[in-house]
Amino acid sequence: SIMCVQLIARGKTLGADTFVNAESTGRYAPDDLEFSEILCRRAAMAYDNARGYARLQRVAEALQTASLPTSLPDIPGMRICATYRAGAKESEIGGDWYDAFELPDGELALSVGDVAGKGLKAAVAMGAVRQAFRAAAFEGASPADVLNSANKLLCHQNIGMVTAAIGILNIETRVFTFSTAGHPPILSIR
């Protein structure tokens, strides 16, 4: 006796499951078919959910990676480098970021932070917050004002909790001014 039951989730056929009873006296009954159909619907839904989750995580990881700087400013007399290593597993991509960019007046802005949460929502929020930092800094805002400006965006868009630090380095005087919001201070090593 053989039953071949489709694996259907959200109106899409994902495959089929075959049940074989090889005993000479064994035959599947209508109850067996009904049970197999329920089992296959649940298996198909679980499989489809897992595929969707994996796809979402790949998108979140790509978005987070694309949101981090691909190059750092080239400032004479300074060497700027960064290393980023996520603290979470790949399946838990979040809203961590770092940034370094030159301001119109020649100063150097550095920021680092973390949006609470994981996945695509955190990665999207991270991109918005990072750009809010850049926009405020480009307008000449002090580090504290950059944080205040970003906080307005966070509250308006209901992004949630973010820890961050931003600093601005005057290239000529080497004076570094920074502000933090729930994030450890930026560490300067000579």
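Being a predicted model, the structure only gives us computed values, none of them experimental.

Considering the overall build of the protein
Helix and strand counts for the protein stand at 3 helices and 6 strands. Relative to the compact-globule value of 16 Å for 190 residues, the protein shows a C-alpha radius of gyration of 26 Å, a clear excess of over 25%. Overall, the protein is about 90 × 35 × 25 Å in size when its C-alpha atoms are taken along their principal axes. In the protein, which comprises 190 residues, the proportion classed as buried is 33%. Excluding contacts between residues fewer than 6 apart, the proportion of contacts in the protein whose partners are at least 24 apart in sequence is 59%. In the form shown here, the protein has an accessible surface area of approximately 12,100 Å², with 54% of it arising from carbon and sulfur atoms.

Brief notes about the packing of aromatic side chains
With the rule as written, the count across this model stands at 3 aromatic pairs. Here the aromatic rings of Trp97 and Phe133 are separated by 5.5 Å at their centres, their planes lie at 80°, and the arrangement is edge-to-face. With a gap of 36 residues between them, Trp97 in strand 3 (residues 94-102) and Phe133 in helix 2 (residues 120-138) connect regions that are remote in the sequence. For the pair Trp97 and Phe133, one class covers both residues: buried. Seen in terms of ring centroids, Phe101 and Phe138 are 5.9 Å apart; in terms of plane orientation they differ by 10°. Their pairing is stacked. Highlighted residues: Phe101 in strand 3 and Phe138 in helix 2, separated in sequence by 37 residues.

Description of the pattern of salt bridges
Note on pairing: side chains with opposite charge can pair once their charged atoms come close. Inspection of the entire model under this criterion finds 4 salt bridges. Measuring nitrogen to oxygen at the nearest pair gives 3.2 Å for the salt bridge that ties Asp99 to Arg130. Separated by 31 residues along the polypeptide, Asp99 in strand 3 and Arg130 in helix 2 bring together distant segments of the chain. Of the residues examined, Asp99 reaches a relative accessible area of 3% and is grouped as buried. The residue Arg134 makes a salt bridge to Asp99 at a minimum N-O spacing of 2.6 Å.

Here we look at the side chain of Thr163
Relative to the helices and strands, Thr163 resides in strand 5 (residues 162-169). If we skip the residues at most four places from it in the chain, Thr163 touches Trp97, Val112, Gly113, Asp114, Ala181, Gly182 and His183.

Some words on helix 3 (residues 143-157)
The end-to-end C-alpha distance of helix 3, which contains 15 residues, comes to 21 Å, matching closely the 21 Å that a straight helix rising 1.5 Å per residue would cover. Three or more residues of helix 3 are buried, namely Pro143, Val146, Leu147, Ala150 and Leu154. Taken down its axis, helix 3 places every buried residue within 95° of arc, on the same side. In this structure, helix 3 carries Lys152, Cys155 and His156 as exposed residues pointing more than 90 degrees from its buried face. On its buried face, helix 3 sits against helix 2, strand 5 and strand 6 (176-181). Count one or two residues on from helix 3 and you reach Asn158, which has phi positive near 50°.

Quick notes on the packing of helix 2 against helix 3
Running from amino to carboxyl end, helix 2 crosses helix 3 at an angle of 140°, the nearest separation of the two axes being 9 Å. With respect to each other, helix 2 and helix 3 are oriented oblique. Of the two elements, helix 2 crosses helix 3, and the hand of that crossing is right-handed. For the pair formed by helix 2 and helix 3, the contact residues are Ala128, Val129, Ala132, Phe133, Ala136 and Ala137 on the first element and Val146, Leu147, Ser149, Ala150, Leu153, Leu154 and Gln157 on the second. The residue inventory of the contact of helix 2 with helix 3, partitioned by class, reads 11 nonpolar, 2 polar and no charged.

Section: the environment of Val115
Here Val115 is to be found in strand 4 (residues 108-118). A residue is classified by how much of its surface remains accessible, and Val115, at 1% relative accessible area, is buried. Placed 95 residues apart in sequence, Val115 and Val20 show a C-alpha to C-alpha distance of 51 Å. Excluding anything up to four places from it in sequence, Val115 contacts Gly95, Trp97, Ala122, Ala125, Met126, Val129, Ile159, Met161 and Val162.

Parameters and conventions
Residues numbered from 1 in each chain as written. Predicted model: local features only at pLDDT ≥ 70, side-chain atom pairs only at ≥ 80, totals over all residues. Heavy atoms only, no water. Helix = DSSP H or I, 4+ residues; strand = E, 2+ residues; numbered from the N terminus. Rg over C-alpha atoms; globule rule 2.2 N^0.38 Å. Buried < 20%, exposed > 50% of the residue type's maximum accessible area, 1.4 Å probe, protein only. Contact = heavy atoms within 4.5 Å. Areas by Shrake-Rupley, 256 points an atom, 1.4 Å probe, with all protein chains shown as cover. Phe/Tyr/Trp six-rings, centres within 6.5 Å; stacked < 30°, edge-to-face > 60°. Salt bridge = Lys/Arg side-chain N within 4 Å of Asp/Glu carboxyl O. Expected span 1.5 Å × (residues − 1). Arc of directions from axis to C-beta. Axes fitted to C-alpha atoms, helices over the stretch in contact; angles between N-to-C directions. Parallel < 35°, antiparallel > 145°, perpendicular 65-115°, else oblique. Left-handed = near helix turned anticlockwise from the far one by under 90°. Nonpolar A, V, L, I, M, F, W, Y, C, P; charged D, E, K, R; others polar.

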